[in-house]
Amino acid sequence: MTAFNGNIFGKITFLGQGRMGVPMARRLADAGHPVTVWRRGTGVTAAEAVRGADLVVTMLRDPAAVREVLAAALPGLAPGATVVEMSTIGPEAVRELRALLPASTGLVDAPVLGSVGPAADGTLTVLAGGLDGLDAPVAAKVREVLSVFGTVREAGPLGAAAALKVAVMSAIVPAQVLIAETFAYGTAHGVPREVLADVLAGTPIGPLSERLRVPAAETRYALGLAAKDLSLAAWPEATLATAARRRLQEAEAAGLGGRDLTAIAPHLEGPSTPHAHSPEAGDGARTGRAPRAVPLNPPTVPATNGMYSHAVRAGDTLYVSGQAALDEGHRVVGEGDMTVQAEHVFRNLERILADQGATFEDVTFIRTYLTDMDLRMEYGAVRRKYITGTPPASTTVEVPRLFMPGLLLEVDVIAALP
């Protein structure tokens, strides 16, 4: 059972000190909770930071970051501790966390609605899932902690809050992209943005159009994070979210990922706006056109080492980098076991394809590098589970070694996008 000190947890560790994490952790401290904060690069490991904590809060960028940090924290996690996951990672990632954490560890998904200002003011809307799975005294204490951040709205069982957050963002973010496109259309036809914004102010989308009337100079909700959120929201039938995500990914590739989401409006209006010529914008922003090649790094797969992107979209073609059996910490999975490594690789490929609304049926070419051709039967058995029917064009070659010892294969594909 989690230990308590009066009406507060004995120790709270807050993992993540980004734009949202800093003011949220400060609110906990101001409310009288004993808080230990952790961020990367300080020399303190996540395991050391959570040691002795009754409650662990995560506020990190994406599913891969949450998996990586919590996996690193596991050795220091106290028996009976509770983890409150407040990032935007989607319900599938929450289920993966439940499988990762010990059974004795409580887990609540509690993403928030609101940006930096509400985080500092304590006026966020906190969506909470999984409170019903905790012992009643622990659930009461978690509610007490969450109320420090704002209004708590219970969404249901574990994962429900994560799904609710993604559902909300799949409406709010595409709506702002649509308004940005509306401004761009008006500008192209001689309608000043102020005039169009005044007219839109009297319609049901007035409040959102006001957000884009004058794009925010300060980043409240980063465009790159919005693109990440839509990567979680863009399931195959979500045509509007998928189209909006592509717009945001193009803007991100043009160098606007760190700007506020509202920067999408001047970006779409083209080079006539001052923002398009800002020094932090990329070549696409300076030339006034969307980049032809759009790098993609879906949050559903472990992050790269920063030297490459998982995939690049060029028009209706997707080029997927070689995928190997590496986990979030870039460690080899299933060393010496071709079946385990092949399963890991094809699951990654499946998620990257799904991020762009594609499946293995859309693959036009697949290339495989094996360190031992004698293991091709084990590899082929896994491949046939994922690529059924008439196979695509294919090349398989044996190589003496791959870029990390213990890797047995690497696979890259090209796909035609729907």
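Residues numbered from 1 in each chain as written. Predicted model: local features only at pLDDT ≥ 70, side-chain atom pairs only at ≥ 80, totals over all residues. Heavy atoms only, no water.

Some remarks on helix H10 (residues 223–233)
Link 1 in the chain: The buried fraction of H10 is high, at nine of 11 residues.
Link 2 in the chain: The complete set of buried residues in H10 reads Leu-223, Gly-224, Ala-226, Ala-227, Lys-228, Asp-229, Leu-230, Ser-231 and Ala-233. (Buried < 20%, exposed > 50% of the residue type's maximum accessible area, 1.4 Å probe, protein only. Helix = DSSP H or I, 4+ residues; strand = E, 2+ residues; numbered from the N terminus.)

Things to note about helix H6 (residues 136–146)
Link 1 in the chain: Within H6 the residues assigned to the buried category are Val-138, Ala-139, Lys-141, Val-142, Val-145 and Leu-146. All buried residues of H6 project into a common sector of 165 degrees when viewed along the axis, lining one side. (Arc of directions from axis to C-beta.)

A short note on the packing of helix H7 (residues 160–188) against helix H11 (residues 239–256)
Any two packed helices are characterised by how steeply their axes cross, that is the angle between the axes, and by the distance between the axes.
Link 1 in the chain: Running from N to C, H7 and H11 point in directions that differ by 65 degrees, and their axes come no closer than 9 Å. For the element pair H7 and H11, the recorded crossing hand is left-handed. Note on element contacts: H11 touches H7 through Leu-240, Ala-241, Ala-244, Arg-247 and Leu-248, opposite Val-173, Pro-174, Val-177 and Glu-181. (Axes fitted to C-alpha atoms, helices over the stretch in contact; angles between N-to-C directions. Left-handed = near helix turned anticlockwise from the far one by under 90°. Contact = heavy atoms within 4.5 Å.)

Side note on the pairing of strand E7 (residues 106–109)
Here is the key point about a regular strand: its side chains alternate between the two faces of the sheet.
Link 1 in the chain: Residue alternation in E7 divides its side chains into two sets, Gly-106 and Val-108 and Leu-107 and Asp-109, and both sets are buried.
Link 2 in the chain: In the sheet, strand E6 (residues 82–85) pairs with E7 via four bridges, with the strands oriented parallel. When the bridges of E7 are listed, Glu-85 appears paired with Asp-109.
Link 3 in the chain: Each parallel crossover has a hand, and the one from E6 via helix H4 (residues 90–100) to E7 is right-handed. (Pairing = 2+ DSSP bridges. Right-handed = clockwise from strand over helix to strand, strands pointing away.)

Points about the pattern of salt bridges
Link 1 in the chain: Taken as a whole and assessed by the stated rule, the structure comprises 19 salt bridges.
Link 2 in the chain: Arg-213 serves as the salt-bridge partner of Glu-194, at 2.8 Å between the closest nitrogen and oxygen. In this pair, Glu-194 sits in helix H8 (residues 193–201) while Arg-213 sits in helix H9 (residues 206–213), placing the two residues 19 residues apart along the sequence.
Link 3 in the chain: On the basis of relative accessibility, which here comes to 42%, the residue Glu-194 falls in the partly exposed class.
Link 4 in the chain: Residue class for Arg-213 comes out buried when judged on its relative accessible area of 15%.
Link 5 in the chain: In this structure, the salt-bridge partner of Glu-210 is Arg-213, at a minimum N-O distance of 2.7 Å. In this pair, Glu-210 and Arg-213 are both assigned in helix H9, three residues apart and thus about one turn of the helix distant.
Link 6 in the chain: Overlapping salt bridges bring together Arg-67, Glu-96, Glu-328 and Arg-351 as one network. (Salt bridge = Lys/Arg side-chain N within 4 Å of Asp/Glu carboxyl O.)

Here's the deal with the side chain of Thr-262
Link 1 in the chain: Relative to the assigned elements, Thr-262 resides in the loop between H11 and helix H12 (264–269).
Link 2 in the chain: Reaching out from Thr-262, the side chain makes a polar contact with the side chain of Asp-260 at a distance of 2.7 Å.
Link 3 in the chain: Ignoring any residue separated from it by four or fewer positions in sequence, one finds Thr-262 in contact with Gln-176, Arg-211, Leu-212, Pro-215, Ala-216 and Arg-220. (Polar contact = N/O pair within 3.5 Å; in protein donor to acceptor, adjacent residues only side chain to side chain.)

Some details on the domain arrangement of the chain
Link 1 in the chain: If you check the domain split of the chain, you get domain 1 (12–156), domain 2 (165–269) and domain 3 (293–416).
Link 2 in the chain: A straight line from the C-alpha centre of domain 1 to that of domain 3 covers 33 Å.
Link 3 in the chain: Opposite the seven residues of domain 1 that make contact, domain 3 presents seven residues.
Link 4 in the chain: For the pair domain 1 and domain 3, the summed buried area comes to about 500 Å², and 50% of that belongs to carbon and sulfur atoms. (Domains from an automatic or database assignment. Buried area = accessible area lost by both parts, 1.4 Å probe.)

Topic: the pairing of strand E4 (residues 35–38)
Link 1 in the chain: Bridge analysis of strand E3 (residues 12–15) against E4 gives four bridges, and the strand direction is parallel. Looking at the pairing, Thr-13 lines up with Thr-36 of E4.
Link 2 in the chain: At this point the chain moves from E3, through helix H1 (residues 21–30), to the parallel E4, and the crossover so formed is right-handed.

Quick notes on the side chain of Gln-176
Link 1 in the chain: Within the fold, Gln-176 resides in helix H7.
Link 2 in the chain: On the basis of relative accessibility, which here comes to 2%, the residue Gln-176 falls in the buried class.
Link 3 in the chain: Excluding anything up to four places from it in sequence, Gln-176 contacts Leu-208, Arg-211, Leu-212, Leu-261, Thr-262 and Ile-264.

Details of a negative patch on the surface
Link 1 in the chain: On the surface, Asp-337, Asp-374, Glu-378 and Glu-398 cluster together into a patch of negative charge.
Link 2 in the chain: Within the element layout of this structure, Asp-337 appears in the loop between strand E13 (317–323) and helix H14 (338–355). (Patch = residues over 30% accessible without salt bridge, like charges linked within 9 Å, V, L, I, M, F, W, Y side chains within 5 Å. Areas by Shrake-Rupley, 256 points an atom, 1.4 Å probe, with all protein chains shown as cover. Lys, Arg positive; Asp, Glu negative; His and termini not counted. Charge placed at Lys NZ, Arg CZ, Asp CG, Glu CD.)

Examining the environment of Pro-236
Link 1 in the chain: Structurally, Pro-236 can be placed in the loop between H10 and H11.
Link 2 in the chain: Looking at Pro-236, the relative accessible area reads 64%, which means it is exposed.
Link 3 in the chain: As a C-alpha pair, Pro-236 and Asp-412 span 176 residues in sequence and 22 Å in three-dimensional space.

Some thoughts on a nonpolar patch on the surface
Link 1 in the chain: A surface patch of nonpolar side chains, amounting to about 230 Å² of accessible area, comprises Val-191, Val-195 and Val-199.
Link 2 in the chain: Looking at where Val-195 falls in the secondary structure, it is placed in helix H8.
Link 3 in the chain: Here Val-195 falls in the partly exposed class, since its relative accessible area comes to 45%.

Observations concerning the sheet that holds strand E12 (residues 311–314)
Consider a sheet: its strands pair through backbone hydrogen bonds, and that pairing is either parallel or antiparallel.
Link 1 in the chain: Overall, mixed pairing links the six strands, which are arranged E11-E12-E13-E16-E14-E15 in an open sheet. One side of each edge strand has no neighbouring strand; the edge strands of this open sheet are strand E11 (293–296) and strand E15 (393–398). Across the sheet, the mean angle separating the axes of adjacent strands is 10 degrees when strand polarity is ignored.
Link 2 in the chain: In this sheet, E15 lies alongside strand E14 (residues 363–370) in parallel orientation, the contact comprising six bridges. Directly across from Leu-370, in E15, lies its bridge partner Glu-398.

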